[in-house]
Amino acid sequence: MADQVAAMCDQLTQAVLVMMDVETSQVYRLEALKFCEDFKESSDLCIPCALQLADKTKPAVVRHFGLQTLEHVIKFRWNNMPQEEKVQIKECAMQLLSSGTHSILEEESHVKDALSRIIVEMIKREWPQHWPHMLKEMESLTSQGDVQTEVVMWILLRLAEDVITFQTLPSQRRRDIQQTLTQNMDNIFSFLLAVLHVHVESYHKVVSERAHCRVAVATLNTLAGYIDWVSLTHITCGNCHLLETLCLLLSEPELQLEASECLLIALSRKGKLEDREPFMLLFDDVAIQCILSAAQAGDVVERRYVFLKRLCQVLCALGVQLCSVVGSDVNVGVPANLSKYTEALLAFTTHPSQFLKSCTLATWGALFKHEVLSKDAVIVQMAVKYLKVSMTNFVKTGFPSQNDNPSSEYSRMDFHSDEDFHFFFYSFRGQQGDVLKTASRIVPLEAFQTAADWLHYQIACPIDLGQTACNSFWVGSKGACSLMSPSVVQWDAMTVFMECVVSQILKTLPEEKLPVDQSMELLQAVLNYDTKDPLILSCVLTTVSILLPFLVHRQQLVPQVLLKLFKAVTFEVDQENKAPRTKSVKNVRRHACSSIIRICRDYPQFILPCYDMFHSNVKKLLSSDASQTCMEKASLVESLVLISNKFQDFEKQKVFLDELLAPVLAEWTSEEMRRHLLSFVGADQVVAEQDEHTNMTSLNRGRMSFCLNAVLAVVKRARWPADVEEAKSGGFVVGYDLTGAPIYRNPCSAQFLAFMPNLLALIRTQNSLFMPENIACLSETFVGAHELMDTEKNIVIGLPQLPMDFYDSPVYRSNLERMQGFLGTLYDNCFSLLGSAGASLQKEFYTIDGLAELIAGSAFVSLDQVPDHRLPGLTLTIARLFLKPLVVSCPPEYNESLLRPLLAPLFAYMMQQVVCQKSEVTQEMLEEQLVRLLTKEVLDLLSEPPLSAVCSHHVFIRLKAHSDHLLIYYKVVF
């Protein structure tokens, strides 16, 4: 028997060494592995061989295999063993634990771990019924040496993990062990604290300090495994002796990380408020001073940084406990050391690490919102300090690739790339904004003064291009700011800060206490500020928009505001040069247009006193040459329509809209516009980049887009007065329905009805573009005109779009990309206009003769010609932009005549298409996402109340998403 064991041990030793040799081939390694696994599964020599291989004279990898084999035997053969063999294994395992290891600093960690797991497996099967004195035996082992103590700590930790955390036992055994652990928890905690105390004291005396430190770390890790689930009374007993001990250990560099982990777990516990009340003892001088001392700046090393993260989380968890018990039924007062606590929290909020700053935000928000604490003088004073700190934290700095800020060194430990940091920071800034708004409710005037001072500083400060200045070769770009320039970063942060503050004080302060004079002074300073840098000018326009609500009280600056915006609408870096516009220049112009629309929508009373000036400026821009894009002109038309709503006179507004849209309708109904679409937009021509033909067809596309966008703006914005009496006196009410509700007429109805025939013809033509004869008409330049653009694919799939590094280059696209963008936008706008008509015109739209046939004969024709990979996207457009608004705004009396004949066959067709067909791998993800979006839109549409009125019989529609084979059944009533 002994010879067999020795021979087998030699073979196993050789196999293990072969497996672990880096020069072993894959074939030999697999053979050795198979030999070892077969031995563990079937050999009768497992126990003697395992014990012999585990001898401490063997190499560590061989000993580890021997211990693993013994663990395997206990796991899978224990129940079939005779009692004497169980006793033998137990005695041998305890002997290994007692004398079968090297010293704590020499022994390999994986060997100690394997040994602890053997003991744990036996405990899980024998304790407490057949091993009642296990805990006492473990305690006695700790007196034999440091390595035994460390392994005992690991045993207790692994036992708690298997029983409580991972629950790897049968339920009855788990309950027995958990109940016994709970019954002995007082003794276990006393034992752990005693071991911790002994070895921390020995560590301080510098007697084999590394050994005692190793034991103390193991003990703290074991405590962390129990603190998470034991009764809070064990954690807070003895006047929170455990927590006090952990706080004192925060000053020990080798133990502070594990101690902070234990504190964090303890303070994150939930439970009855009266059980958590003792946590308030951590606001005493000793505990707070320990935390403050431990948070002092040190070297930027990973372990130290991880500790700071845990310590910050400890402070935040303590704040959560504070907010829970103060003001509750427990009747706990505001701690005397609240100021020290908030100073510690503020220290983390000012730390260079952006991650540490973000960790504190939720706690600040809870303190500022708390019903009792928010009124305390300490929190009020801290809110003012927080405002100052936020000014720095709103500034976007600390990119991992940069070295221009102390934050960068920490960012390199937190983020893999600048893109990761970019997305984190925008989420971080949003959270900061929420907390800033809460702080502004506490000290509104101080918050506004802080924002005002920052704005004055930015206006007075010269522009700093920094080392990241734009050096593009494009004329007008060189020497301008980039997104990373210090001035742009500061202006951007200031505008976000001011927006948060202003929006909050407008809600918080009564009208008589608003800082109107100061806001008008700020607005005047902004209007007087002149810059040719597009990125900074965009921030200036944002600031103007933020201060607009104060104009309600002082309207004398309205003309200056409008002139500032009109000037920005025509903004060019170099008026003399016709180089392509950069993205930042285009954004300035769009920003100005959006601001004009906002004023006309939200503050039309500002415009009426200076309407002539406003109207003349808009007409001048509309009649200008090609310097204004079709979108910019359509935005100006939209602003005029919004102002016309304030005429409150149907005839006057109708005449105005007739005059406004007369050139648009003349263009739209012209013979030239009725030419073959592909020929009109130049998709049938082979063209070189930027040649004369390209410019001509580009103008045609611009004309068509402007007509469509202008009418869309009119239909969406033209409305009757909200007040019924004003609508009646203005001639907007033409009757009443059966319920007594007024029936309105829209002043833009005539223009839309004149526009509609060619609109339907255009939709019909676009649907037919996928027919073979039309596909054949595409030139080789535009053969891919019907494919999705890469940017559209990224949006559908959900890939992020980064704005960085693109503002200094022209918005250049190839002819194919321009054609793709034009055709896609044209299709969307056509259906958006058709869908908006129902809500805007109401009965005037739904009473059009043969409306269902007109729509079906244009919007739904030739869909069978659309390729499979494009059909989900097109039907998604139809469902989202047209069908849903059509159904939502449809009067009940037209459900039978319009919705049933229109939707029933369409749904039947759409349901056939939502089963996405398998295709190339590169296309599969896009198609699946489009199908999911389409399915969602269809189900949302079917849930609209008007469809319930179209019932005559039940139809069951099965939607199948091929990716996960889910079947969704939806009951639709027609």
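Here the structure is shown first, and the text comes after it.
The model shown is predicted, which means the values in this text are computed figures rather than measured ones.

(A) Broad picture of unusual backbone geometry. In the segment running from Trp 127 into Pro 128, the intervening peptide bond is cis, with an omega of 0°. You will see that Gln 842, though not glycine, has its phi angle at about 55°, which is positive. With relative accessibility at 30%, the residue Gln 842 sits in the partly exposed group.

(B) Spotlight on the side chain of Ser 635. With respect to the helices and strands, the residue Ser 635 is situated in helix α30 (residues 630-644). With residues near it in sequence (within four places) discarded, Ser 635 still touches Cys 593 and Ile 597.

(C) Region of the structure containing helix α19 (residues 377-393). Over its 17 residues, α19 runs 24 Å from end to end, which matches the ideal 24 Å to within 8%, given 1.5 Å per residue. Listing the buried residues of α19 in full gives Ile 379, Met 382, Ala 383, Tyr 386, Leu 387, Val 389, Ser 390 and Asn 393. Where α19 is buried, its residues meet α17 (338-349), α18 (354-369), α21 (418-442), α22 (444-460) and α23 (486-508). One side-chain oxygen of the residue at the start of α19 lies 2.9 Å from the amide nitrogen of Val 378, identifying that residue as Asp 376.

(D) Summary view of the side chain of Ser 639. Relative to the helices and strands, Ser 639 is located in helix α30. Setting aside its immediate chain neighbours within four residues, Ser 639 contacts Ile 596, Cys 600, Phe 614 and Val 618.

(E) Region of interest: the pairing of strand β1 (residues 733-736). Pairing geometry for β1 and strand β2 (residues 742-744), over 3 bridges, is antiparallel. Each residue of the ladder has a partner; that of Gly 735, found in β2, is Ile 743. Two successive antiparallel strands, β1 and β2, enclose a turn made up of 5 residues, where Gly 740 displays a positive phi of approximately 90°.

(F) Seen up close, the layout of surface pockets. Taken as a whole, the second largest pocket holds about 630 Å³ of empty space. In this structure, the second largest pocket is lined by 32 residues; those nearest its centre are Arg 429, Asp 492, Thr 495, Cys 539 and Thr 542. Contributing elements (two or more residues each) for the lining of the second largest pocket: α21, α23, α25 (534-547) and α27 (583-602). Considering every element that reaches the lining of the second largest pocket, the biggest residue donor is α23, with 9 residues. Counted by class, the lining of the second largest pocket contains 18 nonpolar, 9 polar and 5 charged residues.

(G) How the structure looks around the environment of Pro 352. For Pro 352, the location among the structural elements is in the loop between α17 and α18. Given the relative accessible area of 28%, Pro 352 is considered partly exposed. Distance in space between the C-alpha atoms of Pro 352 and Asn 393 is 9.4 Å, their sequence separation being 41 residues.

(H) Fine view of the packing of aromatic side chains. Tallying each qualifying case throughout the model produces 30 aromatic pairs. Relative to Phe 428, the ring of Phe 424 lies with its centre 5.6 Å away and its plane at 15°, an arrangement referred to as stacked. A residue pair is termed a helical-turn pair when its members lie 3 or 4 positions apart in one helix, as Phe 424 and Phe 428 do in helix α21 at 4 residues. Look at Phe 424 and you get buried, because its relative accessible area is 18%. A network of ring pairs unites the aromatic residues Phe 399, Phe 415, Phe 421, Phe 424, Phe 425 and Phe 428 as a single cluster. The lysine or arginine in question, Arg 429, covers the ring of Tyr 426, its NZ or CZ lying 6.0 Å from the ring centre.

What counts and how
- Residues numbered from 1 in each chain as written.
- Predicted model: local features only at pLDDT ≥ 70, side-chain atom pairs only at ≥ 80, totals over all residues.
- Heavy atoms only, no water.
- Buried < 20%, exposed > 50% of the residue type's maximum accessible area, 1.4 Å probe, protein only.
- Helix = DSSP H or I, 4+ residues; strand = E, 2+ residues; numbered from the N terminus.
- Contact = heavy atoms within 4.5 Å.
- Expected span 1.5 Å × (residues − 1).
- Polar contact = N/O pair within 3.5 Å; in protein donor to acceptor, adjacent residues only side chain to side chain.
- Pairing = 2+ DSSP bridges.
- 1 Å grid on protein atoms, 1.4 Å probe; cavity = no way out; pocket = protein on both sides within 12 Å on 5 of 7 lines; lining within 4 Å.
- Points joined across faces, edges and corners; volume = space filled by probe spheres on them.
- Nonpolar A, V, L, I, M, F, W, Y, C, P; charged D, E, K, R; others polar.
- Phe/Tyr/Trp six-rings, centres within 6.5 Å; stacked < 30°, edge-to-face > 60°.
- Lys NZ or Arg CZ within 6 Å of the ring centre and 35° of its normal.

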